[in-house]
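Secondary and tertiary structure notes
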Amino acid sequence: MSDLRKALLPITTFVPMDIKRLFRDKVAIFFVFVFPLIFLLIFGSIFSGDNNVSFRIAVFNESDSEIANGLESQMIDNDFFDVDEEVTTTVQANEKMGRGQLDATVTLPSDFGHSQEGSSGPSGNIEITYNQSNENAGRTLASVLDSMMNEVNSQFVDTSVPFTVTAESTASEGLTQFDYTFSGILGFTLLSLGVFGPTTVFPRLKQKGVLRRYKSTPLKVWQFFVANVLSNAFVGLLALIIMFLAAVFIFDLNMRGSIINLSIVVVLGTILLFGIGLAVGGWAKNENQAAPIAQLVTLPMMFLSGVFFPVFLMPELLQNITRFIPLTPIIDSIRLVITENASLIDLAPELGIMIGWTVIIYLIAFKLFSWE
Amino acid sequence: MSKRDTKNIVTVKNLTKTYDDKNVVDGISFEVKKGEIFGILGPNGAGKTTTLEMLETMREIDGGEALIAGIDVKKQPNKVKEIIGVQPQTPNFEEKTKLTEIIDFLASCYGEKVDAKEILKSVQLEEKASSYPEQLSGGQRQRFSISTALVHGPKVFFLDEPTTGLDPQARRNLWDLVKQVRDRGITVIMTTHYMDEAELLCDRVAVMDEGKIIALDTPKKLIKQLLAKGFKKEQHVEQADLEDVFIDLTGKALRE
């Protein structure tokens, strides 16, 4: 056998063995494939939902006029309003608004819809009260009711309105909240796959003396690294496929970019994140050493890289820092491929940061690795 | 070279290992002849395992030198790794991995492809080819571990306390295996706590204490030397001991 084939033999032998081993291990399957899916289902249903905004309101109809009753029943039937019919007094309503359980209270005064002295037809004024902390909802509600009243007005006063606004939803073609969330969920999955796998497995193998046996053979550290990286990249790709299919079929993910670009980004991201796990797990002598360091590395990344909430909500200074955290370019490029059909050239800055990190992290991992 | 059976395959000169200014292995020298079973005996902390690990390339050699088949262990550890086989004290393997897969992988570490089933057959484990190591009994695991340490046909085979924790049947089986390894022309270097084991298996033994070799010879000669000093053992009239009773009652067949 040639020297090259001899050097590659441990790698080509290890990878299929390692993958088969994964599929025999129910616990591993749960953590690698099922757990991310559950995570996807939970987060997916939080963020996909129906996108209609609805206001939780209490309605006090003090008037007996036909118009007031009609308006009340319209509000109860309308999806736009979520009328809380349990609230019967102003005190109750104020309490619920204070707790954030109600957005606003709508009052139709007793003279609403009756003809006032000196006027030709019925008139009235709707009173809206809302909590100070909920000003946005209150104002939006006011303008919604205002436009409802315009409709009513037009039935009493014959006017032709010269300027109008029509709004039409483009929901069918647009991106949903889920399309943005998916990249974060996928990033989180790759992070836990890459970091929590090796940081639990390698210290355990060291304690059992399994890696020590490899040390007594001519197997080189780089061969062991490459073999593990390839096997993990394959698993990462498989996790991507499963989550992608679930996202498309369950949550109607809008995939605008190329699957190949997405796969390239995912494989590069997997290799990078696995390097972190390899550095920590390869350094630690036992699980007690590895676990806290793994948490210390992953938790800030999860919170600062836009897994749970968008980076643009953070202060500018923090945003500049998060850009350079290893997980951020991974999540960003996944999102750019899915939502904007970004090409690999468009992704050059993100890929550049990823490759830079990969080199640094693997150099550290190589330096810190020990078989025992 | 192979015809000169008395040729030394391992030469150790002034081998030293220092931890915290203390020499746990203190300048020991010895030779191991090709094709023999060489035992290193001694109480806990005598430096047996450290000595073995330095020869196995698993521990840095702090002083002196060791040659295996003419190769300097300190200078060319990678070359030494290719001609030695190592049986660890507690043989463990990755779980959920078939025995044949483990053999294939360990052979690949030496850049070799082997017939895994044939290797399993040599240690009577051919029926376990598709089992996982965690499904094996202690004795089976020992046998399997030995077979994996020999996948590449090494010249020297190291065993560290191979029978600790095994039942009498499994111990006897392992002794047979070690003899078979020797009969294949592989030199065996082992440590042990059990004197009966050393007396029965080893062609020569080195007795270590506090990092030094305090005696080195064949078991028979060491006993003769002791008797020559006028040592008398309390006389026993029985021609058997409790272990003989145990084996007689339970048979020699291996239990798994």
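Residues numbered from 1 in each chain as written. Chains lettered and ligands numbered in written order. Predicted model: local features only at pLDDT ≥ 70, side-chain atom pairs only at ≥ 80, totals over all residues. Heavy atoms only, no water.

**Examining the overall build of chain B**
- If you tally the helices and strands in chain B, you get nine helices and ten strands.
- Relative to the compact-globule value of 18 Å for 256 residues, chain B shows a C-alpha radius of gyration of 19 Å, a close match.
- Judged by the C-alpha coordinates and their principal axes, chain B covers about 55 × 55 × 45 Å.
- Within chain B, residue pairs in contact and separated by at least 24 positions form 68% of the contacts whose partners lie at least 6 positions apart.
- When the accessible area of chain B is evaluated, it comes to approximately 13,000 Å², of which 48% is carbon and sulfur surface.
- With 38 positive and 42 negative side-chain charges, chain B shows a spacing of 5 Å between the two charge centroids. (Helix = DSSP H or I, 4+ residues; strand = E, 2+ residues; numbered from the N terminus. Rg over C-alpha atoms; globule rule 2.2 N^0.38 Å. Contact = heavy atoms within 4.5 Å. Areas by Shrake-Rupley, 256 points an atom, 1.4 Å probe, with all protein chains shown as cover. Lys, Arg positive; Asp, Glu negative; His and termini not counted. Charge placed at Lys NZ, Arg CZ, Asp CG, Glu CD.)

**Focus: the environment of Val210(A)**
- Locating Val210(A) in the fold gives a position in helix H7 (residues 210-215).
- Val210(A) sits 97 residues away from Val307(A) along the chain, and the two C-alpha atoms are 36 Å apart.
- Sequence-distant contacts of Val210(A), defined by excluding residues within four places in its chain, comprise Leu205(A), Asn92(B), Phe93(B) and Glu94(B).

**Some words on the packing of helix H1 (residues 3-24) of chain A against helix H3 (residues 99-109) of chain B**
- Interaxial distance between H1(A) and H3(B) falls to 8 Å at its minimum, and their mutual angle equals 155°. Viewed along their axes, H1(A) and H3(B) adopt a mutual orientation that is roughly antiparallel. As for the relative orientation of H1(A) and H3(B), their crossing is left-handed in sense. Listed contacts from H3(B) to Lys6(A), Leu9(A), Pro10(A), Thr13(A), Phe14(A), Met17(A), Lys20(A) and Arg24(A) of H1(A) are Glu101(B), Asp104(B), Phe105(B), Ser108(B) and Cys109(B).
- Considered class by class, the residues forming the contact of H1(A) with H3(B) number six nonpolar, two polar and five charged. (Axes fitted to C-alpha atoms, helices over the stretch in contact; angles between N-to-C directions. Parallel < 35°, antiparallel > 145°, perpendicular 65-115°, else oblique. Left-handed = near helix turned anticlockwise from the far one by under 90°. Nonpolar A, V, L, I, M, F, W, Y, C, P; charged D, E, K, R; others polar.)

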